[in-house]
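Notes for the structure review
Chain by chain, the residues:
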Amino acid sequence: MNNILLTVSYDGTDFCGWQRQDKSDGGEPVRTVQGEIEVAIEKMLKTPLKLYGSGRTDSGVHAVGQAANFECPYDDIAPENYLRALNGLLPPDIRIMKVEKKDMSFNSRFNATSRKYRYFIQCGKPCFAHESRYRWFIPRKPNINVLNDMASCLRGEIDCATFAASGDQSLSTFRYLENAFFYWEDEERGLLVFEIQANAFLWKMVRSITGTIIEAEKKGMSGKDFKDILESRDRSRAMRTAPATGLFLWEIFFDGPVRHDRTNGSVTSN
């Protein structure tokens, strides 16, 4: 028996999120990343196996470094053989980037100490056509100093109820945020990035924070104004939710500090 950890990249545009859904509202199976990988594993190993993801991503959200593990009953398969075989069986919008063997006690969800997301925003100038699936276009260049003044409020253990989407089923809205900041990846081309890392996230939390900060800066608000919105714990004070298009699950960390956790088993979902 082996415990196999996969690092997964995917273009989320044509998926109904990460988590397998056996039936949609219309009664038909829907396409998910977990479901596609489990089908590929079954074809490779000739037996159905369950894949455990480090967290869920919603419809349209992408990933560079999603992590997921499964327990394989065979001991004699080298990691590079999993990599080659699974990528040969998977559709082109999913790629396995790395394969590792882990201790049997390892679980990609419960052993993850933090998750990092990046949100890509195209400001003012048009992007190339092939990039439009992966960026949120806004028709202006925001003041990055004001954006980072707002983002600086997102540090430490915080009640993030303001940015929890309606229908979120988490038992607690507290999350531990390691950092959050904006930077220009290419200022000349107008490519702005928002990076945020936390032990876990509420449903659509990253998109709600991103949209609110961008809208608040547009309205001439300050870091103090944003802090008031955050500390209100009032969902009605959050502004627009940024589209899924620009959001990437960037990296999963397993070796960071284990933060005080009030999440009660909730996982990443954006």
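Cut-offs and rules
Residues numbered from 1 in each chain as written. Predicted model: local features only at pLDDT ≥ 70, side-chain atom pairs only at ≥ 80, totals over all residues. Heavy atoms only, no water. Buried < 20%, exposed > 50% of the residue type's maximum accessible area, 1.4 Å probe, protein only. Helix = DSSP H or I, 4+ residues; strand = E, 2+ residues; numbered from the N terminus. Arc of directions from axis to C-beta. Contact = heavy atoms within 4.5 Å. Pairing = 2+ DSSP bridges. Polar contact = N/O pair within 3.5 Å; in protein donor to acceptor, adjacent residues only side chain to side chain.

1. Topic: helix α5 (residues 223–232)
- Residues of α5 that are buried: Gly223, Phe226, Ile229 and Leu230. Down the axis, α5 shows its buried residues gathered within 120° of arc, on one side only.
- At its buried positions, α5 is contacted by α3 (144–151), β8 (156–159) and α4 (205–218).
- Of the residues trailing α5, Arg233 is marked for its positive phi of about 55°.

2. Digging into the pairing of strand β10 (residues 191–198)
- Extensive coverage of β10 is indicated by the burial of eight of its eight residues.
- Of the two faces of β10, the one lined by Leu191, Val193, Glu195 and Gln197 and the one lined by Leu192, Phe194, Ile196 and Ala198 are each fully buried.
- By the bridge criterion, eight bridges tie strand β6 (residues 114–123) to β10 in an arrangement that is antiparallel. Within β10, the position partnered with Phe120 by the bridge is Val193.
- The sheet contact formed by strand β9 (residues 174–186) and β10 spans eight bridges and is antiparallel. Looking across to β10, one finds that Asn179 is bridged to Gln197.
- Linking two consecutive strands that pair antiparallel, namely β9 and β10, is a turn of four residues; a positive phi of about 85° is found at Gly190 within it.

3. Notes on the side chain of Asn69
- Mapped onto the secondary structure, Asn69 falls in strand β4 (residues 62–72).
- Here the side chain of Asn69 touches Asn3 through a polar contact of 3.0 Å, side chain to side chain.
- Here Ser108 takes part through its backbone nitrogen, which lies 3.0 Å from a polar atom of the side chain of Asn69.
- Look past the residues within four positions of Asn69 in its chain and what remains in contact with it is Asn3, Ile4, Leu5, Lys50, Leu51, Tyr52, Phe106, Asn107 and Ser108.

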